[in-house]
Amino acid sequence: MNTMKNKRWVQVLWTFLLAFCIVGMTSCDDRATGEELAKAGMSAANNLANYYESLAQDTLDTWEMEAFLSSLRQVSFDATQQKPLQEQIDALKSRARLARALASTYGALQQLSSYDASAEMKGAADKLAQEVKAIPVLPKSTVDPSSLFGSLAGDIAAWRQSGDIRKGSKLLLEADENILKLFKSEKEACDSIPEERGNKIAAVIEHLIKKKMVVSWSLLQKETDALNLPWVSAQEPVEDNVTIEAMIELARVRMKRLAFISASAGDSISQSLESLIENHKSFQDKKGLNLEGMLTLVQKAQSYLDEISKLRTEKK
Amino acid sequence: MPETNSLKALKDQYFKLDKNFNKLFSACTSDGQRDQLRSAYVNSRDNYWEARNRVFQKDEPLVKKMVVDLKNAQNQIEQALQNLQNIVEVLQVITAAVHLGSSLITLGSMF
């Protein structure tokens, strides 16, 4: 009878230990996956913030160019008419702050995921068990509870941490869904900002070239350099009307390209957020992640934003 | 989506006038026509800016709420990490206390 009872106890004990081992292994996977997801989310969020900051800069450029053009065209551009531009800059900056807050929250998730709670807890519990065992007044036992106590504490900590990571991921999933919804509803308005900037700068350049105030040959500098063709009069403005019109068209195309790059960056950001949301859902459903495609989109968007930044610097 | 359509219509009108302002201005034959062009340009520009701004302003309360929600989410995640670290710290404090207790017992037995 006693043998039967003992066998059952042994079975229960083994099941118990096996369950904790499985929990421990899953939790370790969750930590690594959570960390990967958090890193990817942080990149996507920073990307989004850079995009909004770029649009705020575009608005500022448009504002200045419009001041110049309004004076040339003799149209009004008073403080009341300028107010929507300031409000637009404020709105874009508040969205950039939102994206940075998203990045910070992903940072917190990354810290939570990278902390090895299981190992820390195991070590601390092991030490405590050894201290308890060493109390002189306690009867000495041949059983050493240290390793079992430590492992158990480590597994419980890992299980708890895994739950916390999933909870954090769920909070971020909700935030990502809301941000994507906002992004999509404002995409058209956002796309028009760099396009408008391009129109304004092209109009100003047209004026400067037509008035022969600038030397526009540099627009073709790369091409002539490639063939080692020196300019006859590199310091003189373009004189004939046909070439002037051609130079203006060239400047327009360059400006249009910038607007196109910005719109493409927006598309990639939108797709990367969609992919990030899908990955969060997979994580919640305990399925594997597919971050490769998402990270490619993030890199694509960032390379567009870097190109815009480079073109801006070249302008200065 | 009527809102999007009207925004697009306003944008198309303003961008067309902006891009072709010089051409249209050259085609004007009187001061009256030139003033009419200036007025049309300013109205279409201001209308579009107003419409675009409304898109952003409409979502502004939502943006503010989302920032607060994200700060709360960040606090919750940081708190979870803090709780895990606290348990380790508590175990370390208990270990130190038990060690001290053992030392006192050992000391007491010596006298």
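Residues numbered from 1 in each chain as written. Chains lettered and ligands numbered in written order. Predicted model: local features only at pLDDT ≥ 70, side-chain atom pairs only at ≥ 80, totals over all residues. Heavy atoms only, no water.

### Overview of the overall build of chain A
Applicable threshold: Under the scheme used here, helices are H or I runs from DSSP no shorter than 4 residues and strands are E runs no shorter than 2 residues, and both carry numbers assigned from the N terminus. The buried label goes to any residue with under 20% of its type's maximum accessible area, the exposed label to any with over 50%, and the partly exposed label to all in between, with areas taken from a 1.4 Å probe on protein chains only. Throughout, a contact is declared for two residues whenever any of their heavy atoms are within 4.5 Å.
Within chain A, the regular secondary structure consists of seven helices and zero strands. Ordering the α and β elements of chain A from the N terminus gives α-α-α-α-α-α-α. Of all 316 residues assigned to chain A, the portion counted as buried reaches 47%. Pairs at least 24 residues apart make up 83% of the contacts formed inside chain A by residues separated by at least 6 positions.

### Considering the overall build of chain B
What counts, and what does not: For the radius of gyration, the atoms used are the C-alpha atoms, and the globule rule reads 2.2 Å times the number of residues raised to 0.38.
The number of helices and strands found in chain B is three helices and zero strands. Ordering the α and β elements of chain B from the N terminus gives α-α-α. Relative to a compact globule of 111 residues, whose C-alpha radius of gyration would be 13 Å, chain B shows 35 Å and is clearly more extended. Along the three orthogonal principal directions, the C-alpha set of chain B runs to about 115 × 30 × 15 Å. The buried share of chain B, taken over its 111 residues, is 34%. For chain B, long-range pairs separated by at least 24 residues make up 58% of all intrachain contacts whose partners lie at least 6 apart in sequence.

### Quick look at helix α6 (residues 241–284) of chain A
Test applied: A helix is expected to span 1.5 Å multiplied by its residue count minus one.
With 44 residues, α6(A) extends 65 Å between its outermost C-alpha atoms, agreeing within 8% with the 64 Å of an ideal straight helix rising 1.5 Å per residue. Looking one or two places after α6(A), you find K286(A), whose phi comes out positive at around 60°.

### Brief notes about the side chain of Q88(A)
Inspection of the secondary structure assignment puts Q88(A) in helix α2 (residues 79–114). By relative accessible area, Q88(A) is classed as buried at 1%.

### Overview of the interface of chain A and chain B
Filter applied, for reference: A simple way to read buried area is as the amount of 1.4 Å-probe accessible surface that goes missing from two parts once joined, with both sides added. Here a salt bridge means any side-chain nitrogen of Lys or Arg lying within 4 Å of a carboxyl oxygen belonging to Asp or Glu. Pairing of N or O atoms within 3.5 Å defines a polar contact, subject to two protein rules: one partner must be a possible hydrogen donor and the other a possible acceptor, and residues neighboring in sequence count only if both atoms are side-chain atoms.
Counting residues at the interface gives 64 residues for chain A and 50 residues for chain B. Summed over both partners, the interface of chain A with chain B buries about 5,200 Å², with 65% contributed by carbon and sulfur atoms. Among the residues chain A hides against chain B, the three largest losses belong to R73(A), E131(A) and E188(A). Together they make up 12% of the total. Joining chain A to chain B, the criterion identifies six salt bridges. Here chain A and chain B share 25 residue pairs in polar contact (both at pLDDT 80 or more) between them. Considering each element in turn, the side of chain A that touches chain B owes the most residues, 24 residues, to helix α4 (residues 146–210) of chain A.

### Focus on the environment of I308(A)
Residues and elements named next belong to chain A. By the secondary structure assignment, I308 is in helix α7 (residues 291–315). With relative accessibility at 1%, the residue I308 sits in the buried group. Once you skip the residues sitting within four places of it in the chain, I308 turns out to touch S54, L258, I261 and S262.

### What about unusual backbone geometry?
Residue and element names in this part refer to chain A. Of note, the phi angle at K212 is positive, near 55°, even though the residue is not glycine. Considering the arrangement of structural elements, one finds K212 in the loop between α4 and α5 (221–226). Here N228, not a glycine, exhibits a phi torsion of approximately 60°, which is positive. Residue classification places N228 among the exposed positions, given a relative accessible area of 67%.

### Examining the nonpolar core
Looking at soluble globular proteins, one finds that nonpolar side chains tend to be buried together. Let me state the cut-off plainly: Working definition of a nonpolar core: buried Ala, Val, Leu, Ile, Met, Phe, Trp, Tyr and Cys residues. They are joined through side-chain atoms within 4.5 Å.
In this structure, L48(A), Y51(A), Y52(A), L98(A), L102(A), I179(A) and L70(B) are the most contacted members of the largest nonpolar core, which totals 87 residues. Secondary-structure elements contributing two or more residues to this core are α1 (2–73), α2, α3 (117–133), α4, α6 and α7 of chain A together with α1 (2–19) and α3 (31–110) of chain B. Counting residues in hydrophobic clusters, the runner-up holds eight residues, among them I209(A), V238(A), I244(A) and M247(A).

### Here we look at the pattern of salt bridges
All names here are of chain A. All chains considered together, the criterion is met by 34 salt bridges over all chains. The closest approach of N and O atoms between K281 and E177, which form a salt bridge, is 3.8 Å. On the criterion of sequence distance, the pair formed by K281 in helix α6 and E177 in helix α4 is long-range, its members being 104 residues apart. What makes K281 partly exposed here is its relative accessible area of 33%. Between E239 and K212 there is a salt bridge, with the nearest N and O atoms lying 3.0 Å from each other.

### So, the confidence of the model for chain B
All names here are of chain B. Threshold: You can read pLDDT as the predictor saying how much it trusts each residue, on a scale of 0 to 100.
Looking at chain B as a whole, its pLDDT mean stands at 91, while 94% of the residues score no less than 70. Mean pLDDT per element in chain B: α1 is the minimum at 87, and helix α2 (residues 21–27) is the maximum at 94. Our summary of model confidence lists the complex with pTM equal to 0.84 and ipTM equal to 0.85.

### Notes on the confidence of the model for chain A
Residues and elements named next belong to chain A. On average, chain A scores 87 in pLDDT, and the residues at 70 or more come to 87%. Of all helices and strands in chain A, the one with the weakest mean pLDDT is α1 (79), whereas α2 scores best (96). Low confidence marks residues 20–26, where pLDDT is under 50. Its contacts with residues over four positions away, or in another chain, come to seven contacts.

### Notes on the environment of Y106(A)
Residues and elements named next belong to chain A. Among the structural elements, Y106 can be located in helix α2. Separated by 61 residues in sequence, Y106 and A45 have C-alpha atoms that sit 8.5 Å apart. Setting aside its immediate chain neighbours within four residues, Y106 contacts L37, A38, G41, M42, L172, D176, L276 and H280. Here the side chain of Y106 touches D176 through a polar contact of 2.5 Å, side chain to side chain.

### Focus on the packing of aromatic side chains
Applied cut-off: The pairing test for Phe, Tyr and Trp rings, Trp by its six-membered ring, is centres within 6.5 Å, and the orientation test on the planes gives stacked under 30 degrees, edge-to-face over 60, and tilted for anything in between. Distance and angle both matter: a charge sits over a ring if NZ of Lys or CZ of Arg is within 6 Å of the ring centre and within 35 degrees of the ring normal.
Applying the stated criterion to the full structure yields 11 aromatic pairs over all chains. Centroid distance Y51(A) to Y52(A): 5.8 Å. Interplanar angle 55°. Geometry classified as tilted. Side by side, Y51(A) and Y52(A) carry an identical accessibility label, which is buried. Look at Y52(A) and you get buried, because its relative accessible area is 2%. Aromatic rings pair up to connect Y14(B), F15(B), F21(B), F25(B), Y41(B) and Y48(B) into one cluster. Directly above the aromatic system of Y41(B) lies the positively charged group of R73(A), at a separation of 4.9 Å from the ring centroid. The ring of F25(B) has R34(B) lying over it, and the distance from NZ or CZ to the ring centre is 6.0 Å.

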